[in-house]
Amino acid sequence: MIGLARVVFAGLALAGFGAGTASGQTGGAVVGKTYAQSREGQKPQIPSAKGAPNVIWILLDDVGFGASSAFGGQIQTPTFEYLANRGLRYTNFHTTGVCSPSRAALLTGRNHHNVGMGLLPQSLMAAEFPGYTGRLQPKDGTIAEYLRQRGYGTYMVGKWHLVPGDEATDLGPFDRWPTGKGFDHWIGFMGGATDQYKPDLVEDIQQVKPDGRHLNTVLADKAIFYIDRQRKLAPDKPFFLYYSTGAAHSPVQVDREWIDKYKGSFDQGWDVYRERTFARQKQLGVIPANAKLPPRSMRVPAWNSLSADRRKVYARHMEAYAGFLEQTDFEIGRVVSHLKEAGQLDNTVIFLVIGDNGGDIGGGANGEVANHFPRQITEDDEAQVAEALRNYDKIGTGAAFSNYPMGWSQATNTPFRDWKTEANSEGGTRNPLIVFWPQGLTAKGEIRNQYSYLTDILPTTLELTGTAPPATVKGVEQSPLQGVSLTYSFTAPAAPSRHSTQYYYLFGTGAIYHDGWKASFGYRPDFVDLFWACPSPQSPPNLAGKQAWELYNQNDDPTETVDLARKYPAKLAQMQTLFAAQAEVNHVYPLINWSDLYPRFQRLWQSADPAGVAANRRCGDAKPGRQG
């Protein structure tokens, strides 16, 4: 079916369907003084994609490889399992390691520095270097722009986080909003995080007042509305839906019934969670039988060493996170069920990316219950736990701004090392991918191990929909795509990977992958050192240019447990040269790190609350609120 679909839809594209958009001009008209002396021109041709499949991209936020039951985790996600068991599980799929860069790479099919999203679009995290402006350019078109030119209806629900702060108000400009980047309609939020019950909600280009429903419910309802309205008004027109949840990013907020479903489920702690999940992953076949579980991070204490109060608080945080993720699965499931009932599911391609990066470390050692960045740091570490105990019943509800402790981040990233923002390790950058298409995939419930990356989903989608990469969008010449279509792997489970080289870089951590080998580096101080330290550092060291490199053979060691840098210095040198070349081509330089950015936060805190900054040096009052 894949081959047939490719031929049919490619034929449509070559015949001119979807080659351009309808203009307002009338072609070939002869205008005389009277109608009899005149001849009407031809009406502009509206592109048609009739017969092409519907496409849904689903992207979750801050979910590690080992969280969902579909990939061996202990959080029940029956919808994800349904899609995986009737589609393909990709076990070697990668993200950038943090939110906005991942979204930019996904939507454009190009590396994130290459489209100016080296870090985040907010002014605190952007810089006026080509790879770090935080401003997407018209030359780097999105999947929505390409499919709209093909004749698709294009819709989005959920998190955007690709607009600089000074462009994110109702005054615009709207060029980099979803409606300016190819989406006919959208509803969601602009920033990195939002309250799930009181979201900063935008519809098209207007702020709208939330109605008190959970954001996941709002997004599912709106997705169904968009699908039904198009089906009613243009039944032959396929749709593209980008479904980008705010879950399971902090704040972790969900109705208590979902949290209570997991009461007691994590009392044995993160060490047991890692071991059980690792065993399940081997049983599922999503990791090889010879894989080794890396040691627990030295920054995470053994569960059995914790006090009873800490275990109680930490377990409740994970119960809340699990409930949040399961409720997200449920709401997505409502959309899938609706498509099935409407007879549209069989010809709908679904790409489900379970996480734009690995599990988050933003909750620090003890988790958080309030909206502060960093959260309140006290004289006594035990006082943080005492505060959480006082708010125990609020953890995970709309009455708190919750995030789990970093020990759960490593656990939900099983079987890999480390976490979100760490571009040098798989825990930050490897996420599950599920591809589902009942009408087009002959293989059901199979596993694919080919290396793949976020940029690959756009060219895959173009191929499946018979859409040639357009030369121009709105008259702007398009830059080359950098991803590789995955369709070759649909019917060939043992086919060699075609995405052979990929660089990574974030906040002082980086890596280069090439044909199964990976060289990586990272150094401290990092986010935890700078934003959770007590007292706050005033002049943190900057180790830029002093990277200590590691080398791994991922064909034999997918979980990165054996560093081969000393054993194979020539191979390491080759990989370092390749990283440098990729960094030049993709505008990765300069290598901006956390120490470079930290003075900006210090200036912000000082200008916003000088007394608070002084107190925080004594490990006292909180600093101003989270930036998202």
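Refer to the preceding data block for the structure.
Residues numbered from 1 in each chain as written. Predicted model: local features only at pLDDT ≥ 70, side-chain atom pairs only at ≥ 80, totals over all residues. Heavy atoms only, no water.

It is worth spelling out the nonpolar core at this point. Leu60, Met125, Leu241, Tyr243, Trp408 and Ile434 are the most contacted members of the largest nonpolar core, which has 118 residues in total. Counting residues per element, this core draws most heavily on helix 8 (residues 308-341), at 13 residues. Excluding residues within four positions of it along the chain, Met125 makes contact with Leu119, Leu120, Phe507, Trp594, Leu597, Arg600 and Phe601. One finds Ala49, Phe183, Phe240 and Val353 within the second-largest nonpolar core, a separate group that totals 47 residues. (Core = buried A, V, L, I, M, F, W, Y, C linked by side-chain atoms within 4.5 Å. Buried < 20%, exposed > 50% of the residue type's maximum accessible area, 1.4 Å probe, protein only. Helix = DSSP H or I, 4+ residues; strand = E, 2+ residues; numbered from the N terminus. Contact = heavy atoms within 4.5 Å.)

Turning next to the sheet that holds strand 10 (residues 433-436). Sheet architecture is open: ten strands sit in the order 7-6-5-4-8-1-9-10-2-11, paired in mixed fashion. On the outer flanks of this sheet lie strand 7 (206-207) and strand 11 (446-448), each paired with one strand and no other. Both strand 9 (residues 348-353) and strand 10 contribute to a ladder of four bridges, which runs antiparallel. In the sheet register, Ile350 faces strand 10, and the bridge partner there is Phe436. Helix 2 (residues 78-85) rests against strand 2 (88-90), strand 9 and strand 10 of the sheet, and its axis sits at about 60° to strand 10. Most of the contacts of helix 12 (residues 457-464) go to strand 9, to which it runs at about 175°, and overall it touches strand 1 (54-59), strand 9 and strand 10. (Pairing = 2+ DSSP bridges. Axes fitted to C-alpha atoms, helices over the stretch in contact; angles between N-to-C directions.)

The subject of this paragraph is the pairing of strand 15 (residues 501-506). Among the six residues of strand 15, five are classified as buried, and the element is accordingly described as predominantly covered. Of the strand pairs in this sheet, strand 15 and strand 16 (residues 509-514) are connected by six bridges, and their pairing is antiparallel. Counterpart to Tyr505 in the pairing with strand 16 is Gly510. Connecting strand 15 to the next strand, strand 16, in antiparallel fashion are two residues, including Phe507 with a positive phi near 55°.

To continue, consider the packing of aromatic side chains. Each aromatic ring pair is specified by the distance between its two centres and by the angle formed by the two planes. In the structure shown here, the tally under the stated rule is 34 aromatic pairs. A centroid spacing of 4.1 Å and a plane angle of 5° characterise the contact between Phe507 and Trp594, whose relative ring orientation is stacked. Of this pair, Phe507 sits in the loop between strand 15 and strand 16 while Trp594 sits in helix 15 (residues 594-608), and the two are 87 residues apart along the sequence. An identical accessibility class is assigned to Phe507 and Trp594; each is buried. (Phe/Tyr/Trp six-rings, centres within 6.5 Å; stacked < 30°, edge-to-face > 60°.)

What is shown is where atoms sit, not what they do.
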